[in-house]
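# Architecture and fold: a report
The primary structure of each chain is shown beneath.
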Amino acid sequence: MVLNMARSRGVLALMAITSLVTVWLCRLPQLNNDITRGPLFQRHLDLSLPDAPFVGWPLERVCSETSWTPGLVFVCDNNSGGIGNIRNYMLTCLRYAIDAGATGLVMPRIRVRSEKDLSDITSENYQPFTYFFDESHFRQSLQASCPQITIYDTASDVPNAPAPFKTEEITPKNLGRRGGCDRRDHNKHTGLFASAFANHLRSTAAEFNLAHPPSLEHPRIFRLTWGVQFEWPVFRDGPEFASTFGGLLRFRPDILALGNKVVAHMRQHARQFDADSHSGRFVGYHLRTENDALDVWPDYANQSKAYLARSQQMGYDMKAGYLATGNETEAHKFFSDATVLHGMRVTTKDLLLRDYKEDLAALEKLTWDQQAVVDFIVLLQSDFFLGVSPSSFSMNVALKRHLQAEGLHTRPWRIGGEGDGRSWLMGKYEQFWEDWLFMYEAMWP
C-alpha cells in the first residue's frame, strides 16, 4: 500500500512537471520554423560575420506595410565601382522598389570596371549577380520575407514586356521638392516617395497614353539612374532593419570559402609573432592608394603614418597585420615601414596562399574587384580594423563590423572620433559634403 501511494505521488509530480513545461513552451515565441526570430538566438547573433544568418522579420514587416502594384517592375543594374558602391546601389534600389510597391524585380546584374583602366567604371560590360553574390541565398531570403515580389531572370522574362524592350528611368529624389539642397543630399522625401511615385505613374500614363494602373497585361518597368546608392537614410525603418537588410547580399560560396581560408592562414601566421598568448590576433589595414583613388583622398604617406601610429597607440599585443590593397608597390613600402618603425609583421592574401597552390590558383582566377571581396571577408574578421574615409570599401567594412556588439539594436556609427573600439577610419571630418560624410547615413552594413 505504501508502495502504491509513493507511485501515485510520483505520477502526480510527473504530471505537474509536464503541465508546467507545456505552459512554458506555449509562452515561447512562435518561430514559424525560423530560428532567427527567437530572442535567445538574436541575443547571441553576430551580424558582423560575412556568413551570418539572414534575419528576415524586419524586411517582412516593411513588406507587410506596403501597397503593391501588379505589373510594376524594377531593374537594379545601373551600378558601378567596387564592392562597396555596387552592394549599396543594389540594396538602395531594392528599398525604393519595395516602397514603390513593385511586384517584380529583374535579377540584378553587375557592371564591371575596365580591366585596362581601373578608373573606368562606366563600361557597358555586365556580369551576372553571381559575379559577387550568392544568388540562391538572395532568392530564398527575399521570397521568404517579401513573397509579394517575383524575381525575373532577365528583363525579357517579364510577362508582356514592351518590344523592343525599354525601361523608364527615374531619379527618385527628383520626385519631391527639395529646395536648396546639395545635389549629393539624401532623399529627404523617402517618407513621401510612395505617394510621389504613384503620382508619377498617373501623370506619365496620361501624358504618354499608357494603361493605368500597371498590370500583368500592361507592365511598366523602371530603372533608377546612376548614382542613387547613397540616397536612402538607412535608419528610416529602424535599427533592426538597417542591421539586417544588407544580409540579403551574401558573397558567393566559393569566394566566401576562400576568404575564410585566408583568415585561418592569417591566424596561423599571427601566432608566430604572439609568443605569449598564441591567440592569433591581427590588425586589418585597408590601404586605398590605387590609381582609381581620387586626388583629394589621403595619400600613402598620410594613410600609412596614421595607421601605424594608431596601431602603436592601441597598446594591443597584436604584432601581425593583414593588408588589403591593390597597389603592390606601396604594399611593399608598408611592409617595410611597419617592420622597421613598429615591429609589425604585415602580409597579404597572396603571400598567405603561396604555399597552398590550389587556393592561390583560385585567387588568381578572380578579377581585381572579386579579389577585393576576399579582402573584405578577412577584414571583417580581424581583431581591429584601420581604414580610410571616404572609401566606401573601408566604410562598409567598419559599419558591418559595428554590428557585432549590439546586433539588431545597433546604433549609427559615430562619424569621426575614436571609432567604436573595433574599427577606426582616418580621414577628414570637417565638411559634410566635401569630405563625403553624407555616405555614413546611407550605407547599408
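So, here's what we can say about the structure. Just so it is clear, the model here is predicted, and its values are computed rather than measured.

Cut-off values and rules
Residues numbered from 1 in each chain as written. Predicted model: local features only at pLDDT ≥ 70, side-chain atom pairs only at ≥ 80, totals over all residues. Heavy atoms only, no water. Core = buried A, V, L, I, M, F, W, Y, C linked by side-chain atoms within 4.5 Å. Buried < 20%, exposed > 50% of the residue type's maximum accessible area, 1.4 Å probe, protein only. Contact = heavy atoms within 4.5 Å. Salt bridge = Lys/Arg side-chain N within 4 Å of Asp/Glu carboxyl O. Helix = DSSP H or I, 4+ residues; strand = E, 2+ residues; numbered from the N terminus. Axes fitted to C-alpha atoms, helices over the stretch in contact; angles between N-to-C directions. Left-handed = near helix turned anticlockwise from the far one by under 90°. Nonpolar A, V, L, I, M, F, W, Y, C, P; charged D, E, K, R; others polar. Pairing = 2+ DSSP bridges.

## A word on the nonpolar core
Phe 74, Phe 138 and Leu 142 are the most contacted members of the largest nonpolar core, which totals 89 residues. The residues touching Phe 138, leaving out its near neighbours within four places in the chain, are Leu 94, Leu 105, Met 107, Pro 108, Phe 129, Ile 151, Leu 248 and Leu 249.

## Observations concerning the pattern of salt bridges
One pass over the full model with this rule turns up 19 salt bridges. The closest approach of N and O atoms between Arg 61 and Glu 240, which form a salt bridge, is 2.4 Å. Here Glu 240 lies in helix α7 (residues 239-244) and Arg 61 lies in helix α3 (residues 57-64), a separation of 179 residues in the sequence. By relative accessible area, which is 32% here, Arg 61 ends up partly exposed. Among the ionic pairs, Asp 99 bridges to Arg 236, the shortest N-O distance being 3.7 Å. In this pair, Asp 99 is assigned in helix α4 (residues 83-100) and Arg 236 in the loop between β7 (220-224) and α7, connecting sequence segments 137 residues apart. A relative accessible area of 13% means that Asp 99 is categorised as buried. Residue classification places Arg 236 among the partly exposed positions, given a relative accessible area of 34%. Within the structure, one salt-bridge network assembled from shared partners comprises Asp 77, Arg 109, Glu 169 and Arg 223.

## What to know about the packing of helix α13 (residues 368-380) against helix α14 (residues 392-401)
Contact geometry of α13 with α14 gives a least axis separation of 10 Å together with a crossing angle of 35°. The handedness of the crossing between α13 and α14 is right-handed. Residue-level contacts link Ala 372, Asp 375, Phe 376, Leu 379 and Leu 380 of α13 to Phe 393, Asn 396, Val 397, Lys 400 and Arg 401 of α14. The residue inventory of the contact of α13 with α14, partitioned by class, reads 6 nonpolar, 1 polar and 3 charged.

## Notes on the sheet that holds strand β1 (residues 69-75)
Within a sheet, neighbouring strands are paired by backbone hydrogen bonds and run either parallel or antiparallel to one another. Reading across the sheet, the 5 strands line up as β5-β2-β1-β7-β6 and stay open at both edges, with parallel pairing between neighbours. In this open sheet, the two strands that pair with only one neighbour each are β5 (150-152) and β6 (168-170). Across this sheet, the average inter-strand angle for adjacent strands is 35°, counted without regard to direction. Two elements, β1 and strand β2 (residues 102-106), share 4 bridges in a ladder whose sense is parallel. Looking across to β2, one finds that Phe 74 is bridged to Leu 105. The strands touched by α4 within the sheet are β1, β2 and β7, with β1 carrying the most contacts at an inclination of about 165°.

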